[in-house]
Amino acid sequence: MGFEPPQRLVRALGETYGEAAAAEWLGRLPALTGEALSAVDHGVTLDRVAAPGGRSSLVLLVHRADGTPAVLKIAPPGAAPGLERAALAHWNGWGAVELLAVPDAPVPADALLLERLHQEVSLRSLPEAKALLEAAGTVRRLWVDPPAGHAFETVEERTGRQLEPMRAAAVRDPALEPLVSAALAAREELVATSPELFLLHGNFRQSKVLSGERAPWLAVGPEPLTGERAYDLARLVRDRVEDLIASPGGAATARRRIKKLADSLEVDQARLRGWTLFRAVESGTRALSVGRTQDGELSLEFAGWL
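Residues numbered from 1 in each chain as written. Predicted model: local features only at pLDDT ≥ 70, side-chain atom pairs only at ≥ 80, totals over all residues. Heavy atoms only, no water.

Trainee: Tell me about the sheet that holds strand β1 (residues 45–49), and please be specific about residues and values.
Mentor: With antiparallel pairing, the four strands of this open sheet are ordered in space as β1-β2-β3-β4. Among the strands making up the open sheet, the edge pair consists of β1 and β4 (111–115). On average, each strand axis in the sheet is tilted by 30° relative to the strand beside it, whichever way the strands run. By the bridge criterion, six bridges tie strand β2 (residues 58–63) to strand β3 (residues 69–74) in an arrangement that is antiparallel. Across the sheet, L61 pairs through a bridge with V71, a residue of β3. The strands touched by helix α2 (residues 19–40) within the sheet are β1, β2, β3 and β4, with β3 carrying the most contacts at an inclination of about 140°. (Pairing = 2+ DSSP bridges. Helix = DSSP H or I, 4+ residues; strand = E, 2+ residues; numbered from the N terminus. Axes fitted to C-alpha atoms, helices over the stretch in contact; angles between N-to-C directions. Contact = heavy atoms within 4.5 Å.)

Trainee: Break down the pattern of salt bridges for me, with residues and values.
Mentor: Throughout the structure, instances matching the rule amount to 19 salt bridges. Its salt-bridge partner being D47, residue R116 comes within 2.9 Å of it at the nearest N-O pair. Within this pair, whereas R116 is found in the loop between β4 and β5 (118–122), its partner D47 is found in strand β1, the two being separated by 69 residues in sequence. On the accessibility criterion, R116 (23% relative accessible area) is partly exposed. The exposure class of D47 is partly exposed, given its relative accessible area of 38%. Here the residues in one salt-bridge network are E15, R292 and D295, joined through shared partners. (Salt bridge = Lys/Arg side-chain N within 4 Å of Asp/Glu carboxyl O. Buried < 20%, exposed > 50% of the residue type's maximum accessible area, 1.4 Å probe, protein only.)

Trainee: Tell me about the layout of surface pockets, residues and numbers included.
Mentor: In this structure, the second largest pocket spans a volume of roughly 150 Å³. In terms of lining residues, the second largest pocket is bounded by G93, W94, G95, E134, G137, T138, R141, R214, A215, P216, W217 and L218. Among the secondary structure elements, those contributing two or more residues to the lining of the second largest pocket are α4 (128–142) and β8 (217–219). With four residues, α4 is the largest single contributor of residues to the lining of the second largest pocket. In terms of residue class, the lining of the second largest pocket is made up of five nonpolar, four polar and three charged. (1 Å grid on protein atoms, 1.4 Å probe; cavity = no way out; pocket = protein on both sides within 12 Å on 5 of 7 lines; lining within 4 Å. Points joined across faces, edges and corners; volume = space filled by probe spheres on them. Nonpolar A, V, L, I, M, F, W, Y, C, P; charged D, E, K, R; others polar.)

Keep in mind these numbers describe shape, not what the thing actually does.
So, in structure tokens, the structure goes:
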């Protein structure tokens, strides 16, 4: 099967796994795609590759044998497609894209067959106030008790793996040390007193909520984990950061956004601020480390407002 993966995916995989590992997986992608198409349904047809697509997986728009439109998502092992499958199965379409059943054959471990949403229409297409309102209503549905015997990592475990790269960034650039130290101190205090344990989306933001037929808005692309709701909201607070930075009142807007989201979703405001700080600094230092200078500087400037 011949096709070119979107360049956005190629670049992101190289940043995440290294050029050699990314090239190896991308070289196997045509065979993986053929295997997945054969397994998920008899008579499934490929419409096209979704572009620009995602940063962690190949997204294929397909039709099933009965004519139903669907999406086939193929991800490298590092993206943990098995955990995404487990989370989507547990949500069972409540607030999130629906995982479609395949009765005749097991789906390959690296593939997911999903309901087709409107890929081109996310919450970012709405005015800011409306987008935040819809985002809050969507993420609220995802916060449920984790399934029994689950394999999801905790917020403490995931953020713990991010500490050393953040410290290394501060060593490379001592100007980052105050922000990194503040973020690490905030995280230490937060994990010491975590108040709740919910199943979380893990990467929730406006672009991860798409328009659908079954429901107006549904979340996609989870990186599921368990922990407190404030962690899940922290990335949403930083949405449209480029607009915030360009605005003369950006800092005040960011602080109002924290208060508004905390109040509307009954989340502790101080904890939301702490996780927002940590996640902004982590994202910024990670972006700088792979050469995405503009993204990194935006996130770090935002973090400095908090």
